[in-house]
Each structure stands twice: as structure tokens, then as C-alpha cells.
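In case you want the letters, here they are:
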Amino acid sequence: MRSIRVTGPGTNEFVEIDRPPVGPHDVLLRIRACGICGSDALYSQVGGIPPRQGATPLGHEPAAEVVEVGEQAEGVRVGDHVVIDTMAFTDGLLGSGGAQGALSEFVVVRDHVPGRQLRVIPPEIPWTVAALNEPMAVAHHAVNRSGAKPGDKAVVFGAGPIGLGAAISLLSQGVAHLVVVDIQPSRLEIARQIGAHEVINSAEDDVVQRLIELHGPATDGLGRPGFAGTDVYIDAAGVGAVVQTVLKVAKHRAVLTIPAVHKKPVEVDFGAILGAELDIRTAMGYPSEIFEVTDAIIANVEKYEKIISHTFPFGQALEALELARTPGAADKVVVTFD
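What this report covers is the structure whose coordinates are included nearby.

Parameters at a glance
Residues numbered from 1 in each chain as written. Predicted model: local features only at pLDDT ≥ 70, side-chain atom pairs only at ≥ 80, totals over all residues. Heavy atoms only, no water. 1 Å grid on protein atoms, 1.4 Å probe; cavity = no way out; pocket = protein on both sides within 12 Å on 5 of 7 lines; lining within 4 Å. Points joined across faces, edges and corners; volume = space filled by probe spheres on them. Helix = DSSP H or I, 4+ residues; strand = E, 2+ residues; numbered from the N terminus. Contact = heavy atoms within 4.5 Å. Salt bridge = Lys/Arg side-chain N within 4 Å of Asp/Glu carboxyl O. Buried < 20%, exposed > 50% of the residue type's maximum accessible area, 1.4 Å probe, protein only. Nonpolar A, V, L, I, M, F, W, Y, C, P; charged D, E, K, R; others polar. Phe/Tyr/Trp six-rings, centres within 6.5 Å; stacked < 30°, edge-to-face > 60°. Lys NZ or Arg CZ within 6 Å of the ring centre and 35° of its normal. Pairing = 2+ DSSP bridges. Axes fitted to C-alpha atoms, helices over the stretch in contact; angles between N-to-C directions. Parallel < 35°, antiparallel > 145°, perpendicular 65-115°, else oblique. Left-handed = near helix turned anticlockwise from the far one by under 90°.

Quantified by volume, the second largest pocket comes out at close to 160 Å³. Taken together, 14 residues make up the lining of the second largest pocket; nearest its centre are Leu247, Lys248, Asp269, Ala272 and Ile273. Counting residues per element, the ones that place at least two in the lining of the second largest pocket are helix H7 (240-249) and helix H8 (270-273). Here the element with the most residues in the lining of the second largest pocket is H7; it accounts for 3 residues.

Here it is, written out as C-alpha cells:
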């Protein structure tokens, strides 16, 4: 079978490898779709994930079909459509340094435990949408970390895949008003289509003033005015200016949650924000959300489908990886398998 591997710094290649054998406790999956993540570009750039020996398999956003079940494996049947917890494989993280990657024709789940590595989904869910399960779990975890609750006013900075996923999760939590902020009109239009109550183009508008207008005026803990009535902020952009904006506008005991990867340090004047008692939280991965978010995807296929900007057949997966790592060229790229 064919598998895409990082074979050196900046080099990805199709590699011919053996189809994995299936033991009595194993489940063999035919990959049907796999999303491209920003971390795939990082793995490629550095030449793989040390200290792993040999080429690094890529792909950790899969949707798959069960094609073989070991005689002692339970919980799934041949023909089932499944989403996958890529962090639950016994041979390492799928596509993130483990022995296998989902940009391959087949993947084997060794030592399958019912409900642990796989969840069966309805067959009518498009493979491309099902492949969003892993990144949307990241977004859903950020929302869970934020503590957003019904009636809250929320803002998401960054209308890329994680930001849009967070927006859908916030709406499902029952927030009263959701604002999405970005600099690209096309992304902001998608944010409107998935249900954002308002959008702000930060390249054109004063974000602080607009948030005060949209969410009402508020004070810090000392009663000083000039702050917005926003309860929850999510930074899905990873840009220092986002954090600085939130520090300026956050009211008393607002919550800022950061799932984005910041590549540069951000300066924070804690003295200036002391009176706000701002709660700053980070969010990484999906400790419990990998299959929680599946229900939301099943219920909102049309909304999640809007997150996908490009699809490529597996034969053009190298082109898909190149497009995905080109800044501003694509939002969410998904590879499909015949």
C-alpha cells in the first residue's frame, strides 16, 4: 500500500509499505478521508519527529471504514464508518510520531478496546466532514475550558478551522451573542453562515469600540468604565495583537481561552490588568472531547462542511500538503481516498 512519509527536512514522499497484518484483537481500517493540519507542515519542515527512527508517517485527522475485524475484537463490524481517537493507539500517536499515519491507504488499530479508539458514525455523514472530528475536538475542548454557558456573550478571534469550530460549539452551548473577528472577508462570511450574530474585520474596524457597542459597556473590578460586556474570549488566531486587544477591553472576571499556538512571546502588563481579575486559560488537545464533538458534527453537517476550503484525491496528497502550508492559500484542506 502507499503511505506518505516525511523522508527528510522539507521532503514528503509516497512510500510503498506492507499492508499491516491484523491480529486477533485488532481492527483494520481503510482510510476514506484525512485532513491536513498545520502541524503536518511543521513535521515536514524539521524532517520528522525525533527521536523516531526512519521516515515519519503523516496524517492525524482521519475518517475510515472498517474492513477487517480480528476474531477477538469487539464493538465494531466490517463496513462500519468510524472516526478515530488518534491519541489512543498502542503503537504511538497516529500521524504524530507513532508507527502509522492516516495519509495511508490502511491503518490498523492494535489491541482495540470498544469505545476507546473508534466511534461508529452514521453512513450518510460525508467522509470529508467526518475527517473534521479531530480538529473540531480541539476547538470543542477550548470552549469547554472557557466555561461558556447559556446567556454569555462571546468573541472568537480567528475564523480558521479551529475558530469556526469553536464558534459552532459556543452556539451549541447557548451563548446569547457571538462575534467572530478576522481580517479576511471570505472567512467572516463563512462565520456568518454558520451562525455568528456579528463579525468584525479587524483590518478595518476598531475592535475595542465595536465590542463595546455590540456587547454593551462594562467596568473592571474597580468600577472603572471603558470595557466591553463580553464574558468569553477565544484566541484561535495566535497573534500577539489579539491578546493585547483582549487585555484592553476585558471586563471584570472575563475569561480568555487560548487554543492557538503563539510562535512569538506576547508581552502582558499584569499591573495594568490587575483590576480586571481576567482569567487567562490555555487549551491543548482533547482530553475528553474527541467523541463528544461527534454528536455536534452529526447534528450540524451543513455548518461543519463550510469549514472545508479544498479537497484533493489521495494521488494528489503531496500537492494538498504544499497548499496547506502556504500562508493564506487555503483554510481547511482534506484528502479523500477512492
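A few words now on the environment of Gly151. For Gly151, the position within the fold is in the loop between helix H3 (133-146) and strand S9 (153-157). Distance from Gly151 to Pro265, taken between C-alpha atoms, is 33 Å for residues 114 residues apart in sequence. With sequence-adjacent residues up to four places away left out, Gly151 is seen in contact with Gly174, Val175 and Ala176.

Turning our eyes to something else, we now look at the pattern of salt bridges. Once their charged atoms are close, side chains differing in charge can pair, the charge on each being opposite to the other. A complete count under the given rule lists 15 salt bridges for this structure. The salt bridge involving Asp85 is made with Arg116; its shortest N-O contact spans 3.1 Å. Note that Asp85 is positioned in the loop between strand S6 (81-84) and strand S7 (106-109) and Arg116 in the loop between S7 and strand S8 (118-121), a separation of 31 residues in sequence. Judged by relative accessible area, which is 41%, Arg116 ranks as partly exposed. Note that Glu322 and Arg325 form a salt bridge whose closest N and O atoms lie 2.9 Å from each other. Three or more residues joined by partner-sharing salt bridges are found here, namely Asp182, Arg187 and Asp331.

To continue, consider empty space enclosed by the protein. Applying the stated criterion to the full structure yields 1 cavity of 30 Å³ or more. Of the pockets and cavities examined, the largest cavity occupies roughly 30 Å³. Taken together, Val83, Ile121, Ile125, Ala130, Asn133, Thr294, Ile297 and Ile298 make up the full set of residues lining the largest cavity. Looking at the lining of the largest cavity, the element that brings in the most residues is helix H9 (residues 292-299), giving 3 residues. Its residues assigned to classes, the lining of the largest cavity shows 6 nonpolar, 2 polar and no charged.

Turning our eyes to something else, we now look at the packing of aromatic side chains. Scanning the entire structure with this criterion turns up 2 aromatic pairs. Ring centres of Phe314 and Phe337 lie 4.4 Å apart, and the angle between their planes is 25 degrees; this geometry places the pair in the stacked category. Taken as a pair, Phe314 in the loop between strand S17 (310-313) and helix H11 (317-324) and Phe337 in the segment after strand S18 (333-336) lie far apart in primary sequence, 23 residues in all. Neither residue differs from the other here; Phe314 and Phe337 are each classed as buried. Put simply, the rings of Phe14, Phe314 and Phe337 pair up and form one aromatic cluster. For Arg2, the ring lying beneath its charged end belongs to Phe14, and the centroid distance is 4.7 Å. One cation-aromatic arrangement involves Arg19 over Phe106; the distance from NZ or CZ to the ring centre is 4.3 Å.

Among the residues examined, Phe337 registers a relative accessible area of 9% and is labelled buried. For Phe337 and Ala64, which are 273 residues apart along the polypeptide, the C-alpha to C-alpha distance reads 9.6 Å. With near-sequence residues (within four places) excluded, Phe337 lies in contact with Ile31, Arg32, Ala33, Cys34, Ala102, Leu103, Ser104, Glu105 and Phe314.

This part covers the environment of Gly92. When you line up the elements, Gly92 lands in the loop between S6 and S7. Take Gly92: its relative accessible area is 29%, and that puts it in the partly exposed class. Among all residues touching Gly92, those that are not within four sequence positions of it are Thr86 and Gly98.

Strand order in the open sheet made by the 6 strands is S11-S10-S9-S14-S15-S16, with parallel pairing throughout. Two strands close off the open sheet at either side, each with one partner strand: strand S11 (198-201) and strand S16 (279-282). Recorded for the sheet is a direction-independent mean angle of 20 degrees between the axes of neighbouring strands. Two elements, S9 and strand S14 (residues 232-235), share 4 bridges in a ladder whose sense is parallel. Along S14, the bridge assignment pairs Val155 with Tyr233. Set on the sheet, H7 makes contact with S9, S14 and strand S15 (255-258); between it and S14 the angle comes to about 170 degrees.

A few words on the packing of H3 against H9. Taken N-terminus to C-terminus, the directions of H3 and H9 make an angle of 110 degrees; their axes are 9 Å apart at the nearest point. Taken together, the axes of H3 and H9 lie roughly perpendicular to each other. Crossing hand, H3 versus H9: right-handed. Residues Asn133, Met136, Ala137, His140 and Asn144 of H3 lie in contact with H9, whose contacting residues are Glu292, Val293, Thr294 and Ile297. When the residues that make up the contact of H3 with H9 are grouped by side-chain class, the tally is 4 nonpolar, 4 polar and 1 charged.

With that settled, consider the packing of helix H6 (residues 207-215) against H7. Following both chains from N to C, one finds H6 and H7 inclined at 45 degrees, their axes separated by 10 Å at the closest point. On the basis of their axis angle, the class for H6 and H7 is oblique. Where H6 crosses over H7, the handedness of that crossing is right-handed. Each of Val207, Val208, Leu211 and Ile212 in H6 lies in contact with H7, whose residues at this interface are Thr245, Lys248 and Val249. Tallied by class, residues from the contact of H6 with H7 come to 5 nonpolar, 1 polar and 1 charged.

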